[in-house]
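Here are the chains, one letter per residue:
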Amino acid sequence: MRLLVIGTGGTIASAKTERGYKAQLGIDEILERAEVKRHDGLIIDCWDLLNVDSTLIQPEDWIKIGKAVYESTSDYDGIVITHGTDTLAYTSSALSFILRNLPIPVVLTGSMLPITEPNSDAPGNLKTAIRFAMEGTPGVYVAFRNKIMLGTRVSKVHSLGLNAFQSINYPDIAYLKGDKIIFRHKIQPPAGEMVFDPALDPNVAYLRLTPGLSPETFLAVERTVHGMVLEGYGAGGIPYRGRDLLAAVARVAEKKPVLMTTQALYGGVDLTRYEVGKKALEAGVIPAGDMTKEAALTKLMWALGHTRNLDEIREIMKRNLSMELSPELL
């Protein structure tokens, strides 16, 4: 059994400095501090690809990480990627669209406490990730707090707590009990040849609808981007009373994709449920179904990287590429 651990920085790689925690440890030292044992024929190779706070991660880094994975899959039985927690869910979603039909498990993990601190959660998270990389189903996953979650269904839900990630609108895939992976939800292994498809257009704005948001603000942002994700209320809808944001959205949606997700963590968008939602559909808004905000944003970037045609983008957003959505909500 041969595994590759790719380091990108984050809290798990951080040590305390005069200016606060900073990512600076390499993967070899992280594994040593976590007391990861190489035994029973297990070979673990290390690759320090990046070493930055995940706040600094950019779409270009997703492509760099994806390329590293793509070039390594034929040499390894599984790959673990250590990553900062703040943007980990964006990276796991992006990799799920960039890399499809993976032949091995690719597992992202990190920690809320640096490996250099007492009682760090890093050793446990690494153990979970490595165990699943050894025996899990091919695809992109996130390992955190003994749980294995699908890469396109994960969101960070706590800024400080150790149980910081949850699988949204989708069951956990597995969990670690002792040294054993216990599956809770079986996934069909992907079929077909692996695809590395890194075409991304990161020029997408993410706007949260709030009472009082003016159409002028919306239009000013729209002029600088190629697409937009609107985070609406509840099941979805666009305000038009007092401040007619709906009319502004209709103008934009004639030329550029406007995707709607929800501020609610669970349930997803259903624009057929209320009149305000139906008006949004009539205005040309594309519903995001029950995708996470991270999956919605990265998928739209990926779609725009392939086409600017609105009809084609609409079809891509409806298509279930990496189990990121439940088709019945579209």
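Residues numbered from 1 in each chain as written. Predicted model: local features only at pLDDT ≥ 70, side-chain atom pairs only at ≥ 80, totals over all residues. Heavy atoms only, no water.

1. As for the overall build of the protein chain
Within the protein chain one finds 9 helices and 18 strands. Scaling as 2.2 N^0.38, a compact globule of 330 residues should have a C-alpha radius of gyration of about 20 Å, and the protein chain matches this with 20 Å. Projecting the C-alpha coordinates of the protein chain onto the three principal axes gives extents of approximately 65 × 50 × 30 Å. Sorting the 330 residues of the protein chain into buried and exposed places 55% on the buried side. Of all intrachain contacts in the protein chain linking residues separated by at least 6 positions in sequence, the fraction that spans at least 24 positions is 70%. Of the roughly 14,500 Å² of accessible surface on the protein chain, 48% is carried by carbon and sulfur atoms. (Helix = DSSP H or I, 4+ residues; strand = E, 2+ residues; numbered from the N terminus. Rg over C-alpha atoms; globule rule 2.2 N^0.38 Å. Buried < 20%, exposed > 50% of the residue type's maximum accessible area, 1.4 Å probe, protein only. Contact = heavy atoms within 4.5 Å. Areas by Shrake-Rupley, 256 points an atom, 1.4 Å probe, with all protein chains shown as cover.)

2. Considering the packing of aromatic side chains
Applying the stated rule across the entire model yields 4 aromatic pairs. Here F132 and Y141 contribute two aromatic rings whose centre-to-centre distance is 4.8 Å and whose plane-to-plane angle is 65°, an arrangement assigned as edge-to-face. For F132, a relative accessible area of 0% corresponds to the buried category. With a centroid separation of 5.9 Å and 50° between ring planes, the pair formed by F132 and F183 is classed as tilted. Of the two residues, F132 sits in helix α4 (residues 122-135) while F183 sits in strand β13 (residues 180-183), which places them 51 residues apart along the sequence. Feature note: the residues F132, Y141 and F183 constitute an aromatic cluster, connected by ring pairs. (Phe/Tyr/Trp six-rings, centres within 6.5 Å; stacked < 30°, edge-to-face > 60°.)

3. Some thoughts on the sheet that holds strand β18 (residues 286-287)
Strand-to-strand pairing in sheets goes through backbone hydrogen bonds, with the strands running parallel or antiparallel. Taken in spatial order, the 4 strands make up an open sheet running β15-β16-β17-β18, and their pairing is parallel. In this open sheet, the two strands that pair with only one neighbour each are β15 (204-208) and β18. Sheet topology places strand β16 (residues 227-232) next to strand β17 (residues 258-262); 5 bridges connect them, and they run parallel. Within β17, the residue paired with L230 across the bridge is M260. Against the sheet, helix α8 (residues 293-304) makes contact with β15, β16 and β17, and its axis sits at roughly 165° relative to β16, the strand it touches most. (Pairing = 2+ DSSP bridges. Axes fitted to C-alpha atoms, helices over the stretch in contact; angles between N-to-C directions.)

4. What to know about the pattern of salt bridges
Taken as a whole and judged by the stated rule, the model has 13 salt bridges. For the salt bridge of E29 with R33, the shortest nitrogen-to-oxygen distance reads 3.0 Å. Residue E29 and its partner R33 are located together in helix α1 (residues 27-33), separated by 4 residues, close to a single helical turn. Residue class for E29 comes out partly exposed when judged on its relative accessible area of 34%. (Salt bridge = Lys/Arg side-chain N within 4 Å of Asp/Glu carboxyl O.)

5. Some remarks on the side chain of T307
Structurally, T307 is set in the loop between α8 and α9 (310-318). Among the residues examined, T307 registers a relative accessible area of 11% and is labelled buried. Among the polar contacts listed, one links the side chain of T307 to the backbone nitrogen of N309, at a separation of 3.0 Å. Leave out the neighbours within four places in its chain, and T307 touches E312, I313 and I316. (Polar contact = N/O pair within 3.5 Å; in protein donor to acceptor, adjacent residues only side chain to side chain.)

6. With respect to the side chain of S111
Residue placement: S111 occurs in the loop between β7 (105-109) and α4. From its side chain, S111 meets the backbone nitrogen of I12 in a polar contact 3.5 Å long. At a separation of 2.8 Å, a polar atom in the side chain of S111 contacts the main-chain carbonyl oxygen of L113.

7. Topic: the environment of R2
Looking at the secondary structure, you find R2 in strand β1 (residues 2-9). Expressed as a C-alpha distance, the spacing of R2 and A133, which sit 131 residues apart in the sequence, is 9.8 Å. Once residues lying within four places of it in the same chain are set aside, the contact partners of R2 are I43, D45, D75, Y76, D77 and G78. Reaching out from R2, the side chain makes a polar contact with the side chain of D45 at a distance of 3.0 Å.

8. So, the sheet that holds strand β4 (residues 43-52)
What the 8 strands build is an open sheet, ordered β4-β1-β5-β7-β8-β9-β12-β13; its pairing is mixed. The open sheet has two edge strands with one neighbour each: β4 and β13. Strand-to-strand, the axes of this sheet are offset by a mean angle of 25°, without reference to chain direction. Relative to strand β5 (residues 78-82), β1 runs parallel, the two sharing 5 bridges. From the neighbouring strand, L4 faces β5, where its bridge partner is I79.

9. A short note on helix α6 (residues 245-253)
Burial in α6 covers these residues: L245, L246, A248, V249, V252 and A253. Mapping the buried residues of α6 onto a view down its axis gives an arc of 160°, with all of them on the same face. Of the surrounding elements, those touching the buried residues of α6 are α5 (215-222), β16, β17, α7 (275-282) and α9. Taking the backbone nitrogen of L246 as reference, a side-chain oxygen 3.3 Å away marks D244 as the first, capping residue of α6. (Arc of directions from axis to C-beta.)

10. Observations concerning the packing of α5 against α6
One can describe the packing of α5 onto α6 by two numbers: an axis separation of 9 Å at closest approach and a directional angle of 20°. One way to sum up the angle between α5 and α6 is to call them roughly parallel. The hand of the α5/α6 crossing is right-handed. In contact with P215, F218, L219 and E222 of α5, α6 contributes L245, A248, V249, R251 and V252. By residue class, the composition of the contact of α5 with α6 is 7 nonpolar, no polar and 2 charged. (Parallel < 35°, antiparallel > 145°, perpendicular 65-115°, else oblique. Left-handed = near helix turned anticlockwise from the far one by under 90°. Nonpolar A, V, L, I, M, F, W, Y, C, P; charged D, E, K, R; others polar.)

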